[in-house]
Amino acid sequence: MEEQTASKEQFKKLEALKNYLKGLESVAVAFSGGVDSTFLLKTAHDVLGDDCIAVTARSCSFPEREFGEARGFCAAEGIRHIIVESEELEIEGFGKNPPNRCYLCKRELFEKIREIAKRENIKTIAEGSNLDDDGDYRPGLQAVAEFGIKSPLRNSGMSKADIRILSKTMGLATWNKQSFACLSSRFAYGETISREKLSMVDHAEQLLLDLGVHQVRVRIHDKMARIEVMPDEFEKLLRSREDVVNKLKEEGFTYITMDLQGYRTGSMNEIL
């Protein structure tokens, strides 16, 4: 991907996105600091200026490094950034980790963003899903539909690859950032989500990122860690095997395993 440049078709999609955003007049972007929402927020702010704001939810399932990057981006770009406390574990039923867990979380988040948008006289709320998100189990999209949240990237026909290449063209550091989802997605459905286990996963993934692994998930099954990295990074993980095992055991894991299928989005959904 590093040698690729945006094609005419991708620039057409970018223009379609800008025209779509212009038609919204004002927008509150649900901003996580990831690849998609950063690209959306940057484009929306370029088009709408101060009529675009960012809203980020802070919670125990959102790592501090991600929050710091989101806050830093808005500060550097001069984008008004509103932080909301969104403690998922206080949502009824969320901690039991049902298959619709993401819907419960998104519903609460969009309720809070809707209140902010009303207070700030912002007409529209937007989120950063793209066409590739249609291919997996995404209960959060139900909340998007129920609340009338706009999905400008999907509306403009953008895939993840489009977003990465256009992000690079725009000089966004997130163009090659690893994909991220909230830490609650690391839990097997039906397994209780707790602050302690969220912290275990967070620290485990940070350890692997610090070792230079680019894309990683540490899935948690009771006290077992199932590590997913890209197949071309298996060797890198194995070279640090002893250190990884010792440190993850210090975090509270009893068994540490490497998934031979490698990293893939939504692997916990394979049982559904």
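A few points on the structure. Keep in mind that this is a model prediction, so the values were computed, not measured.

Below, the discussion takes up the overall build of the protein. Each helix and strand in the protein was counted, giving ten helices and seven strands. Against the 2.2 N^0.38 benchmark of 19 Å for 272 residues, the protein shows a C-alpha radius of gyration of 19 Å, consistent with a compact globule. When its C-alpha atoms are laid out on the principal axes, the protein stretches across 55 × 45 × 35 Å. Split into buried and exposed, the 272 residues of the protein put 51% on the buried side. Within the structure as shown, the protein displays about 13000 Å² of accessible surface, and the carbon and sulfur contribution to it stands at 48%. Charge centroids of the protein, computed over 39 positive and 45 negative side chains, lie 2 Å from each other.

This part is about helix α2 (residues 35-48). Given 3.6 residues per turn, any residue in an α-helix points the same way as the ones three and four places further on. Relative to the 20 Å expected for 14 residues at 1.5 Å per residue, α2 spans 20 Å between its end C-alpha atoms, a close match to the ideal helical length. Here α2 lies mainly inside the structure; twelve of its 14 residues are buried. Buried residues of α2: V35, D36, S37, T38, F39, L40, L41, K42, T43, A44, H45 and L48, and no others.

On to helix α8 (residues 195-210), then. Here α8 contains 16 residues, and its C-alpha end-to-end distance of 22 Å stays within 8% of the 22 Å for a straight helix at 1.5 Å per residue. Taken together, the buried positions of α8 are occupied by K197, L198, M200, V201, D202, A204, E205, L207, L208 and L209. Taken together, the buried residues of α8 touch α3 (64-77), β5 (216-221), β6 (224-229), α9 (234-239) and α10 (241-251). Taken from the residues just after α8, G212 is the one with a positive phi, measuring 100°.

Calculation criteria
Residues numbered from 1 in each chain as written. Predicted model: local features only at pLDDT ≥ 70, side-chain atom pairs only at ≥ 80, totals over all residues. Heavy atoms only, no water. Helix = DSSP H or I, 4+ residues; strand = E, 2+ residues; numbered from the N terminus. Rg over C-alpha atoms; globule rule 2.2 N^0.38 Å. Buried < 20%, exposed > 50% of the residue type's maximum accessible area, 1.4 Å probe, protein only. Areas by Shrake-Rupley, 256 points an atom, 1.4 Å probe, with all protein chains shown as cover. Lys, Arg positive; Asp, Glu negative; His and termini not counted. Charge placed at Lys NZ, Arg CZ, Asp CG, Glu CD. Expected span 1.5 Å × (residues − 1). Contact = heavy atoms within 4.5 Å.

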